[in-house]
Amino acid sequence: MNALKAAEAIVRCLLAENVDTVFGYPGSYILSVYEALRVLKLRHVLVRQEQAAAHSASGYARVSGKVGVCIATSGPGATNLITGIATAYMDSIPLVVITGQVNSSLIGRDVFQEVDITGATESFTKHSYLVKDATQLPRIMKEAFHIASTGRPGPVLIDIPGDVQEAEIEFKYPQDVDIRGYKPSIKGHMGQIKRAVKAIEDSRQPILIAGGGVISANAQQELIRFIEKTRIPVVHTLMGKGAVPTENPYNLGMIGTHGFKQANEAMNKADLLIFIGARIADRAWGGVSKKSLDDVKIIHIDIDPAEIGKNLGTHIPLVGDAKLILSEMTQRINDLNIEDWVSEVQELKKSLNESKTKVRKTKAVDPEYTIRLLSQKLNDEAVLVADVGQNQLWAARNFEDRAGRNFLTSGGLGTMGYALPAASGAKFAAPHRQVAAVVGDGGFQMSMYELGTISSNNLGIIILLFNNSRLGMVRELQQRRYGIISNVMLDKNPDFIKLCEAYGIPGIRVSNNSEIEAALDKAIESKGPFLIECKVDSDESTL
Amino acid sequence: MHRHVLSVLVENQSGVLSRVSGLFSRRGYNIDSLSVGETEDPKVSRMTIVVRGDDQILEQIKKQLNKLIDVIKIVELDPEQSVFRELALIKVKTDLSTRASVIEIVSIFRANIVDVSNDSLTVEMTGDEQKIEAFINLMNAYGIAEIVRTGLTAIERGNKVLNNTNKDEEV
Ligand SMILES: Cc1ncc(C[n+]2csc(CCOP(=O)(O)OP(=O)(O)O)c2C)c(N)n1
Ligand SMILES: [Mg+2]
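Residues numbered from 1 in each chain as written. Chains lettered and ligands numbered in written order. Predicted model: local features only at pLDDT ≥ 70, side-chain atom pairs only at ≥ 80, totals over all residues. Heavy atoms only, no water.

1. Considerations on the packing of aromatic side chains
What describes a pair of aromatic rings is the distance from one ring centre to the other and the angle between the planes of the rings.
Residues and elements named next belong to chain A.
Okay, step 1: A complete count under the given rule lists six aromatic pairs over all chains for this structure.
Okay, step 2: Between Phe 444 and Phe 496 the ring centres are 5.3 Å apart and the planes differ by 85°, which places this aromatic pair in the edge-to-face class. One end of the pair, Phe 444, is in helix α18 (residues 441-446); the other, Phe 496, is in helix α21 (residues 496-502), with 52 residues separating them in the sequence. Per residue, the accessibility class of Phe 444 equals that of Phe 496, and both read buried.
Okay, step 3: Within the aromatic cluster, the residues linked to one another by ring pairs are Phe 23, Tyr 60 and Phe 428.
Okay, step 4: Here the guanidinium or amino end of Lys 241 rests over the ring plane of Phe 407, the centre of that ring lying 5.2 Å away.
Okay, step 5: Positioned above the aromatic ring of Phe 260, the side-chain terminus of Arg 397 is 4.3 Å from the ring centre. (Phe/Tyr/Trp six-rings, centres within 6.5 Å; stacked < 30°, edge-to-face > 60°. Helix = DSSP H or I, 4+ residues; strand = E, 2+ residues; numbered from the N terminus. Buried < 20%, exposed > 50% of the residue type's maximum accessible area, 1.4 Å probe, protein only. Lys NZ or Arg CZ within 6 Å of the ring centre and 35° of its normal.)

2. Quick look at the sheet that holds strand β9 (residues 206-210) of chain A
Hydrogen bonds along the backbone pair up the strands of a sheet, which may run parallel or antiparallel.
Residue and element names in this part refer to chain A.
Okay, step 1: Here six strands make up an open sheet; going across it, the order is β11-β10-β9-β12-β13-β14 and the pairing parallel. At either margin of the open sheet sits one strand with a lone partner, and together these are β11 (251-254) and β14 (316-319). Put simply, the sheet's adjacent strands are angled 15° from each other on average, direction ignored.
Okay, step 2: With three bridges joining them, β9 and strand β10 (residues 234-236) adopt parallel strand pairing. Among the inter-strand pairings, Ala 210 is bridged to a residue of β10, identified as His 236.
Okay, step 3: Contacts from helix α8 (residues 190-202) reach β12 (272-276), β13 (297-302) and β14, with the element oriented near 135° to β14. (Pairing = 2+ DSSP bridges. Axes fitted to C-alpha atoms, helices over the stretch in contact; angles between N-to-C directions. Contact = heavy atoms within 4.5 Å.)

3. Description of the side chain of Asp 159 of chain A
All names here are of chain A.
Okay, step 1: Along the chain, the position of Asp 159 falls in strand β7 (residues 155-161).
Okay, step 2: Buried within the structure, Asp 159 lacks any salt-bridge partner; Lys 132 is the closest side chain of opposite charge, at an N-O distance of 9.9 Å.
Okay, step 3: Side chain to side chain, Asp 159 and Thr 99 meet in a polar contact 2.7 Å long.
Okay, step 4: Residues within four places of Asp 159 in sequence aside, it is in contact with Thr 99, Gly 100, Gln 101, Ile 117, Thr 118, Tyr 129, Leu 130 and Val 131. (Lys, Arg positive; Asp, Glu negative; His and termini not counted. Salt bridge = Lys/Arg side-chain N within 4 Å of Asp/Glu carboxyl O. Polar contact = N/O pair within 3.5 Å; in protein donor to acceptor, adjacent residues only side chain to side chain.)

4. Here we look at the confidence of the model for chain B
Okay, step 1: Per-residue confidence for chain B gives a mean pLDDT of 92; residues scoring 70 or more make up 95%.
Okay, step 2: In the predicted assembly, ipTM is 0.88 and pTM is 0.95. (pLDDT = per-residue confidence, 0-100.)

5. Let's talk about the coordination of the magnesium ion (ligand 2)
Residue and element names in this part refer to chain A.
Okay, step 1: Donor atoms from the polypeptide that bind the magnesium ion (ligand 2) are Asp 441 (OD), Asn 468 (OD1) and Arg 470 (O), placed at 2.0 to 2.2 Å.
Okay, step 2: Mapped onto the polypeptide sequence, the residues donating to the magnesium ion (ligand 2) form the spacing pattern D-x26-N-x1-R. Here Asp 441 is found in helix α18, whereas its partner Asn 468 is found in the loop between β18 (461-467) and α20 (472-482), with 27 residues between them in sequence. Asn 468 shares its class with Asp 441; the two are buried. (Donors = N, O, S within 2.8 Å, 3.2 Å for Na, K, Ca; no water.)

6. Quick word on the interface of chain A and chain B
Okay, step 1: At the interface, 23 residues of chain A touch 26 residues of chain B.
Okay, step 2: Counting each side, the surface lost to burial between chain A and chain B is near 1,900 Å², with a carbon and sulfur contribution of 46%.
Okay, step 3: Looking at the side of chain A facing chain B, the largest losses of area belong to Glu 122, Arg 180 and Gly 181 of chain A, adding up to 35% of the total buried there.
Okay, step 4: Linking chain A with chain B are four salt bridges.
Okay, step 5: Salt-bridge contacts for Arg 26 of chain B lead to Glu 122 of chain A; the nearest nitrogen and oxygen are separated by 3.7 Å.
Okay, step 6: At the junction of chain A with chain B, the criterion picks out nine residue pairs in polar contact (both at pLDDT 80 or more).
Okay, step 7: Residue composition of the side of chain A that touches chain B, grouped by class: nine nonpolar, six polar and eight charged. (Buried area = accessible area lost by both parts, 1.4 Å probe. Nonpolar A, V, L, I, M, F, W, Y, C, P; charged D, E, K, R; others polar.)

7. Quick look at unusual backbone geometry
Residue and element names in this part refer to chain A.
Okay, step 1: With a phi close to 55°, Asp 110 is a non-glycine residue in the positive phi region.
Okay, step 2: Assignment of secondary structure puts Asp 110 in the loop between β5 (95-101) and α5 (117-120).
Okay, step 3: Judged by its relative accessible area of 70%, Asp 110 is exposed.
Okay, step 4: We note that Lys 527 has phi near 70°; this positive angle belongs to a residue other than glycine.
Okay, step 5: Within the secondary structure layout, Lys 527 lies in the loop between α22 (516-526) and β20 (530-535).

8. Concerning the domain arrangement of chain A
All names here are of chain A.
Okay, step 1: By the assigned domains, chain A splits into domain 1 (2-171), domain 2 (190-355) and domain 3 (367-535).
Okay, step 2: When each unit is reduced to the centre of its C-alpha atoms, the spacing between domain 2 and domain 3 is 30 Å.
Okay, step 3: Carbon and sulfur atoms make up 55% of the surface buried where domain 2 meets domain 3, a total of about 1,400 Å² over both sides.
Okay, step 4: Its largest share of buried area at the contact with domain 3, domain 2 owes to Leu 238, Lys 241 and His 258, together 39% of the area lost on that side. (Domains from an automatic or database assignment.)

Structure representation (structure tokens):
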């Protein structure tokens with residue numbers, strides 16, 4: 001046992017958890033922690049706005065599979081984090097968020113830079129702590145990492161008053177955690193696994209629907225083995241992109257309102273739906289036109305019991321870790337009698353592949369063609385981070401999945417401005433992997449302050465900006481819903497190339513398809529940050 | 001819409017009540033009453049929550065409550081196997097002509113008179129909801145000045161105890 005300042009204990013806890021990077025922004029009530037970061041030499045990445053600290057930590061977590069850590073000061077620092085925390089919560093990303101708080105004796109008095117951040121984030125954190133007793137900090141830190149990373153992952157917030165950071169404590173990092181109210185079940189119930197296997201064996205047109213849970217459970221290999229053994233086709237949600245390689249013959253791609261026709265069609269025809277780590281929210285279900293679910297069976301595998309039966313009735317619920325459950329099912333299942341279905345799926349796969357060779361008629365840049373080309377040029381390990389809007393769906397539909405943890409986007413909250421900071425988090429997590437960020441002119445301007453972080457750390461990120469001078473997705477929606485030409489335009493956009501130049505980031509403007517290839521080559525060659533601005537027709541549609 | 005009584009063991013910490021009540025309002029669950037107090041273990045509080053909803057909603061409520069880290073255990077109490085009690089303080093308007101008959105009803109209900117003034121009587125009564133409702137109905141004839149109710153609290157009959165060893169992860 002040795003006595004030290006609680007702020008130093010916090011950083012020692014981070015080191016004990018193998019944290020190698022912390023994203024943050026300082027202020028007076030977190031300065032003790034900053035001093036400890038400096039003394040103990042834990043890498044701190046200074047972002048340019050706290051929202052980016054949370055998004056970067058999220059990008060870091062999604063690529064590394066570890067817990068992402070971000071820190072901010074009290075009051076405005078903490079509130080700036082909020083969108084990033086909610087974004088991570090909706091996508092079940094493990095984060096530990098540390099905020100400074102005013103001194104204990106001042107809490108509740110509306111003093112300078114005081115906000116109730118545990119209260120404000122209550123509904124979108126997995127758990128939170130307001131630390132009142134410094135001696136409890138090691139236990140709380142240990143619990144926070146445990147809670148964030150186990151069961152259904154999610155953000156955990158620790159709010160620490162300034163005086164608590166300054167207190168002297170005896171430091172010992174606990175080995176174990178025991179939280180009596182938190183014992184997530186990992187192993188699937190054997191009886192339920194048997195029932196699920198039986199239902200699959202009895203079905204003639206089964207289909208697997210992979211969600212983000214497959215990726216957070218690191219169950220990609222187990223899923224692929226299950227598919228290869230059974231020949232059951234698989235589709236995925238936006239969050240499930242990357243669970244199975246695109247070229248897998250049984251992979252029919254993304255479902256949902258913006259998914260592939262072939263994937264939705266297979267869903268419609270199926271007599272057994274096997275959901276894995278997918279919460280089946282409105283957007284994912286949107287493209288499916290099943291008239292009734294009366295003659296369809298549903299198996300739902302999820303680590304979170306509360307997801308089962310929330311959005312769809314389920315016949316066979318299976319709570320537990322997707323990795324364990326899938327390998328158990330692969331062992332138990334007998335050969336299936338689904339010849340007709342397999343050949344039907346082959347036809348759908350063929351038609352899906354053909355649809356991906358079409359090039360749009362446009363004098364400007366075809367964004368889908370651009371993503372396909374980018375995909376070809378990048379190596380197998382590359383990571384693509386997509387922002388929100390039309391650009392996101394162009395990316396999701398056309399970026400080829402080869403490696404796991406290769407596609408990041410804000411699926412659940414649809415947070416514009418996610419791509420740039422998440423891409424820098426991804427690059428910090430995996431400096432050896434190529435990282436590209438696809439972003440619209442709207443989303444770019446929501447977090448272009450992160451050009452500062454990207455440039456000062458010389459992060460080799462290819463920024464692919466689709467400039468349609470519109471909030472494209474909103475423009476499309478307005479046209480469809482009200483039949484009007486949008487009243488919110490981005491006509492007076494800045495010169496993005498010059499903007500990047502000001503940050504020392506080189507860039508190329510591409511105005512038609514013939515110029516894309518050379519630009520991509522140049523960007524990939526450069527190794528450092530690089531902007532490619534693609535001029536996209538303002539009337540270009542998502543699909 | 002059925003009425004269900006949930007007994008919930010939670011960590012006795014600040015913030016728990018707000019997490020639980022926030023969950024109900026956020027997800028649009030109907031809550032009739034919530035009462036809370038310390039248990040035999042001072043680190044654990046027990047909440048008795050009366051909710052309304054069909055089976056599917058009840059299932060969701062239980063699962064969502066279970067997700068809260070501070071929730072240790074949830075049990076739905078079977079009305080047949082449990083004792084339900086509520087405490088009510090009822091201030092009834094009385095005058096010389098009505099006081100005697102109010103006192104008579106109070107004694108039939110085995111309630112207590114805890115305060116008397118010139119023009120009112122304050123009655124303390126415990127019982128299940130029906131008993132309290134019945135009493136209130138009778139008092140309406142005299143005029144009720146004020147009612148305070150604690151909300152239901154409940155315990156299972158017999159040897160069964162709700163212990164805090166483990167959260168059950170049933171589905
Ligand atoms: C923070 C935030 N604000 C508003 C929205 C609503 N929204 C969804 S897509 C979109 C337009 C995005 O425009 P842009 O970034 O240029 O992408 P495009 O659709 O043109 O590719 C908007 C405003 C959102 N998703 N996130
Ligand atoms: Mg745009």
